[in-house]
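Single-letter residue listing:
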Amino acid sequence: MKISFNLNGSATSLEVAPGETLLQALRASRVFSVKLGCETGDCGSCTVLLDGQPVNSCMVVAARVDGGHVTTMEGLLGDDLMIRLQTELVEQGAVQCGYCIPGLLISLYALVKQGPPAGREIDEELIRHALTGNLCRCTGYVKPVEAARAVVAAMEVSP
Amino acid sequence: MWNLKEYRIASSPAEAVVLMRKGPGKGAYIAGGTDMLLEHPACDFVVDVNNAGIGDIARTPGGDLFLGAAATLQGLVDNSFVSEFAGGAISNSASQCGNRPVRSTATMGGNLCNALPSADMAPILLALDATCYIADEDCQESLPLTDFFVGPRLTVLEDRLLVGVALPGECAGWRCASHKLTRTAEDISLVQVAVSLGVTKGRIQEARIALGAVSPVPMRAVLAETMLAGQEIKSVTPDAVLDVAAIAAGECDPLDDHRASADYRRDMVNVLTRRLITRILTNNEGETGEGAA
């Protein structure tokens, strides 16, 4: 079946099988920032934005995104917030093997972009909550969390 | 890959039922799909209900809270109507289901229709007297959530569609507390307990104790509830709470599996029920208002 959707700002049409996942469809389209990890919705290495929400692309049927907006790391390479997050992760030593990083960045990006609930600031708890779907076996999360806090703190100074 | 022949998209509940009955072969409804992509159930086609207009969350003029079946779990976390109802108890339960990206896809209706004994959303909805709305081709039916679950992975639906659940406005001020006991935060629950108490003038007018993962279907501990209903709060002594919790533990019917033994589960129903009742009674002296979730 044919699906049409917005992929990273470009109108895209793909021929997909009815039972194919978004992860499989994206990688077949050479969108390689989206990593195949567990395929059970646990590891988060395939996280993408679907209509602005972080989702596991292995847990979304490709046919469902017809008419929707999908954003991957490829679509955010020139984005100011994404550059800040990437830079800070590197500077804090939060990138080791790197396999989780595209998904982890997408989750942090969604957190900052959506902002905290009313009357609250983005604190460590919210950052850790946002990363509940991204397994990182190298860092133990300390460095990624510190990097995200640094980005949030810097934005409060110069948004 | 999941071996599906066809992906059908419904634009209304009635059309969804028609598409389901049209055949050929076996069909299933799909919304978020987070359970189905794990299990790849054997079917020829699926009917996508994400565009069927059943994803809304609304508060009626009478104060009832309606949760559309295709509302995502993250939607329940973020929605202000839900986070204000019964002290945010429903948002709280939704926030403990899966992880952040799973919650943006997984739906409340999917969680109920999959009908696992451990369905994360079932206990708190049972504890708040939820009513289910079910669509057929040309009519709708409503029934209490207690009657929705028939057995493990089995509901009353057959080929009909769950449209949503409604929670009565009277429950908005009930005091709730719930607990999901798991090995790890993302794992399926070992035991879930949700307690809600409707308190007026220092007296418990209504009491609900709902249990998950300890019987073939999510259940209410009705005998234990009757021990609380009608009691003055100050007459509910620690010993009385112990008795209520022991009765609740006696009402459940847990299984042994690789996650936990039946005995452990039953013990935990006892412990959690006691703690949750105590938490509600000690955290919220005074009249019914916002309850702690």
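Please read these numbers as outputs of a predicted model, since none were measured by experiment.

Enquirer: What is the right way to look at the overall build of chain A in this model?
Expert: Assigned secondary structure in chain A consists of five helices and five strands. Secondary structure of chain A in N-to-C order comes out as β-β-α-β-β-β-α-α-α-α. Over its C-alpha atoms chain A spans a radius of gyration of 16 Å, differing by no more than 12% from the 15 Å that the globule rule assigns to 159 residues. The buried share of chain A, reckoned over its 159 residues, is 48%.

Enquirer: What is the right way to look at the overall build of chain B in this model?
Expert: Scanning chain B from N- to C-terminus turns up 11 helices and 14 strands. Here chain B has a C-alpha radius of gyration of 19 Å; the compact-globule value for 293 residues is 19 Å, and the two agree. Across its three principal directions, the C-alpha atoms of chain B cover 60 × 45 × 30 Å. Within chain B, buried positions represent 52% of all 293 residues. Taking all contacts inside chain B whose residues are at least 6 apart in sequence as the whole, residues at least 24 apart take part in 65%.

Enquirer: Looking at this structure, how should I read the domain arrangement of chain A?
Expert: Many structure descriptions define interface size as the accessible area lost when the parts assemble. All names here are of chain A. In terms of domain boundaries, chain A breaks down into domain 1 (2–75) and domain 2 (78–157). With centres defined by C-alpha atoms, the gap from domain 1 to domain 2 works out at 21 Å. At the interface, 15 residues of domain 1 touch 11 residues of domain 2. At the level of secondary structure, the elements contributing two or more residues to the side of domain 1 that touches domain 2 comprise strand S3 (47–50) and strand S4 (53–56). Class assignment of the residues belonging to the side of domain 1 that touches domain 2 gives a composition of seven nonpolar, six polar and two charged.

Enquirer: Would you mind showing me how to read the sheet that holds S3 of chain A here?
Expert: In any sheet, the strands associate via hydrogen bonds between backbone groups, in a parallel or an antiparallel arrangement. Residues and elements named next belong to chain A. Within the open sheet, the five strands sit side by side as S2-S1-S5-S3-S4. Their pairing is mixed. What marks the edges here is a single partner per strand, and that holds for strand S2 (10–15) and S4. If you compare each strand with its neighbour and ignore which way they point, the axes differ by 40 degrees on average. Judged from the six bridges that link them, strand S1 (residues 2–7) and S2 form a sheet pairing that is antiparallel. Paired with Ile3 across the strands is Leu14, a residue of S2.

Enquirer: Would you take a moment to explain the packing of helix H10 (residues 238–251) of chain B against helix H11 (residues 262–283) of chain B for this structure?
Expert: A packed helix pair is summarised by two numbers, namely the angle formed by the two axes and the spacing between the axes. Residue and element names in this part refer to chain B. Between H10 and H11, the shortest axis-to-axis distance is 8 Å and the interhelical angle comes to 140 degrees. The chirality of how H10 crosses H11 is right-handed. Contacts between H10 and H11 pair Val241, Leu242, Val244, Ala245, Ala246, Ala248 and Ala249 from the former with Arg266, Val269, Asn270, Thr273, Arg274, Ile277 and Thr278 from the latter. A class-by-class count of the residues in the contact of H10 with H11 yields nine nonpolar, three polar and two charged.

Enquirer: When you look at the interface of chain B and chain A in this model, what are you seeing that I'm missing?
Expert: Taken residue by residue, the interface counts 22 residues in chain B and 27 residues in chain A. Listing elements by their share of the side of chain B that touches chain A, those giving two or more residues are strand S1 (6–9), helix H2 (36–39) and helix H6 (100–103) of chain B. Broken down by element, the side of chain B that touches chain A gets its largest block of residues, three residues, from H6 of chain B. When the residues that make up the side of chain B that touches chain A are grouped by side-chain class, the tally is nine nonpolar, eight polar and five charged.

Analysis parameters
Residues numbered from 1 in each chain as written. Chains lettered and ligands numbered in written order. Predicted model: local features only at pLDDT ≥ 70, side-chain atom pairs only at ≥ 80, totals over all residues. Helix = DSSP H or I, 4+ residues; strand = E, 2+ residues; numbered from the N terminus. Rg over C-alpha atoms; globule rule 2.2 N^0.38 Å. Buried ≥ 20, exposed ≤ 12 C-beta atoms within 10 Å, placed from the backbone. Contact = placed C-beta atoms within 7 Å. Domains from an automatic or database assignment. Nonpolar A, V, L, I, M, F, W, Y, C, P; charged D, E, K, R; others polar. Pairing = 2+ DSSP bridges. Axes fitted to C-alpha atoms, helices over the stretch in contact; angles between N-to-C directions. Left-handed = near helix turned anticlockwise from the far one by under 90°.

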